[in-house]
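Here's the letter readout for the chains.
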Amino acid sequence: MADNQNFKLRIITPERVFYEGDVDMVEFNTTEGEIGVLPGHIPLTVIVKPGILSIHEKDEEKMAALHSGFVEILPDGITILAEIIEWPNEIDGDRAEAALRRAEERLQNKTPETDIARAETALLRAMARIEILK
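Residues numbered from 1 in each chain as written. Predicted model: local features only at pLDDT ≥ 70, side-chain atom pairs only at ≥ 80, totals over all residues. Heavy atoms only, no water.

(A) Structural detail: the overall build of the chain. A count of helical and extended segments in the chain gives two helices and eight strands. If you list the helices and strands of the chain from N to C, you get β-β-β-β-β-β-β-β-α-α. Projected onto its principal axes, the C-alpha coordinates of the chain cover approximately 55 × 30 × 25 Å. Relative to its full complement of 134 residues, the chain shows a buried share of 40%. If you sum the accessible surface of the chain, you get close to 8100 Å²; carbon and sulfur atoms cover 49% of it. Here the chain contributes 15 positively and 26 negatively charged side chains, and the mean placements of these two sets differ by 6 Å. (Helix = DSSP H or I, 4+ residues; strand = E, 2+ residues; numbered from the N terminus. Buried < 20%, exposed > 50% of the residue type's maximum accessible area, 1.4 Å probe, protein only. Areas by Shrake-Rupley, 256 points an atom, 1.4 Å probe, with all protein chains shown as cover. Lys, Arg positive; Asp, Glu negative; His and termini not counted. Charge placed at Lys NZ, Arg CZ, Asp CG, Glu CD.)

(B) Representation of the packing of aromatic side chains. Applying the stated rule across the entire model yields two aromatic pairs. A ring pair is formed by Phe18 and Trp87, whose centres lie 4.4 Å apart and whose planes are at 20°; its orientation type is stacked. Pair noted here: Phe18 is in strand β2 (residues 17-23) and Trp87 is in the loop between β8 (77-86) and α1 (93-108), with a separation of 69 residues, a long-range link. For the residue pair Phe18 and Trp87, the accessibility class agrees, reading buried in each case. Where Tyr19 meets Trp87, the ring centres are 6.5 Å apart and the plane angle is 65°; that geometry is what we call edge-to-face. Of the two residues, Tyr19 is situated in strand β2 and Trp87 in the loop between β8 and α1; the sequence distance between them amounts to 68 residues. Here the two residues Tyr19 and Trp87 agree in accessibility, since each one is buried. (Phe/Tyr/Trp six-rings, centres within 6.5 Å; stacked < 30°, edge-to-face > 60°.)

(C) Representation of the pattern of salt bridges in the model. Overall, the coordinates contain five salt bridges when judged by the stated rule. A salt bridge links Glu20 to Arg10; the nearest nitrogen and oxygen atoms lie 2.6 Å apart. With a gap of ten residues between them, Glu20 in strand β2 and Arg10 in strand β1 (residues 7-12) connect regions that are remote in the sequence. Under the relative-accessibility criterion, Glu20 is labelled exposed at 53%. The salt bridge partner of Glu90 is Arg16, with a shortest N-O separation of 2.9 Å. (Salt bridge = Lys/Arg side-chain N within 4 Å of Asp/Glu carboxyl O.)

(D) The packing of α1 against helix α2 (residues 116-133), seen in detail. Between α1 and α2, the shortest axis-to-axis distance is 8 Å and the interhelical angle comes to 150°. Classed by the angle they form, the pair α1 and α2 counts as roughly antiparallel. Considering only the axes of α1 and α2, their crossing is left-handed. Where α1 approaches α2, its residues Gly93, Ala96, Glu97, Ala99, Leu100, Ala103, Glu104, Arg106 and Leu107 are matched on the opposing element by Ile116, Ala119, Glu120, Ala122, Leu123, Ala126, Met127, Arg129, Ile130 and Leu133. (Axes fitted to C-alpha atoms, helices over the stretch in contact; angles between N-to-C directions. Parallel < 35°, antiparallel > 145°, perpendicular 65-115°, else oblique. Left-handed = near helix turned anticlockwise from the far one by under 90°. Contact = heavy atoms within 4.5 Å.)

(E) Quick peek at the nonpolar core. Residues Leu9, Ile11, Phe28, Leu53, Ile78 and Ile80 are the most contacted members of the largest nonpolar core, which totals 23 residues. Apart from residues no more than four positions distant in its own chain, Leu9 is found in contact with Tyr19, Glu20, Gly21, Val23, Val26, Ile55, Ile78 and Ile80. With seven residues, the next largest nonpolar core counts Ala96, Ala103, Leu123 and Ile130 among its residues. (Core = buried A, V, L, I, M, F, W, Y, C linked by side-chain atoms within 4.5 Å.)

(F) Summary view of the pairing of β2. Inspection of the sheet shows β1 paired to β2 by six bridges, in the antiparallel sense. In the sheet register, Phe7 faces β2, and the bridge partner there is Val23. Between β1 and β2, which pair antiparallel one after the other, the connecting turn spans four residues. (Pairing = 2+ DSSP bridges.)

Pasting the structure below:
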């Protein structure tokens, strides 16, 4: 049960419950910037921006690549509805490097048909995957 030192974190994807447990703090990127959430946070709903999710449990920090989704923050817990989230051991480094190169090429050699927002998102996702593997 959560107390004033920690709170509940639940991360759900279309395929599975990715994570569920008591945590001390959670950090992740939103479309408005990076956010750190502690127990008792004001209620808030935010949109995820691709990046690293840091889960702080007592003396341990777990990290995952969080790519897209929505987050509901309440004083006693957070629910992340993630379209895509991966633990480091679920990431193929070679594929991430290839995706990074493709996204960079798309942005460098853009044409009027290039979907810039999509290419930038692909770049951020690849960068998050690569960063979490380091």
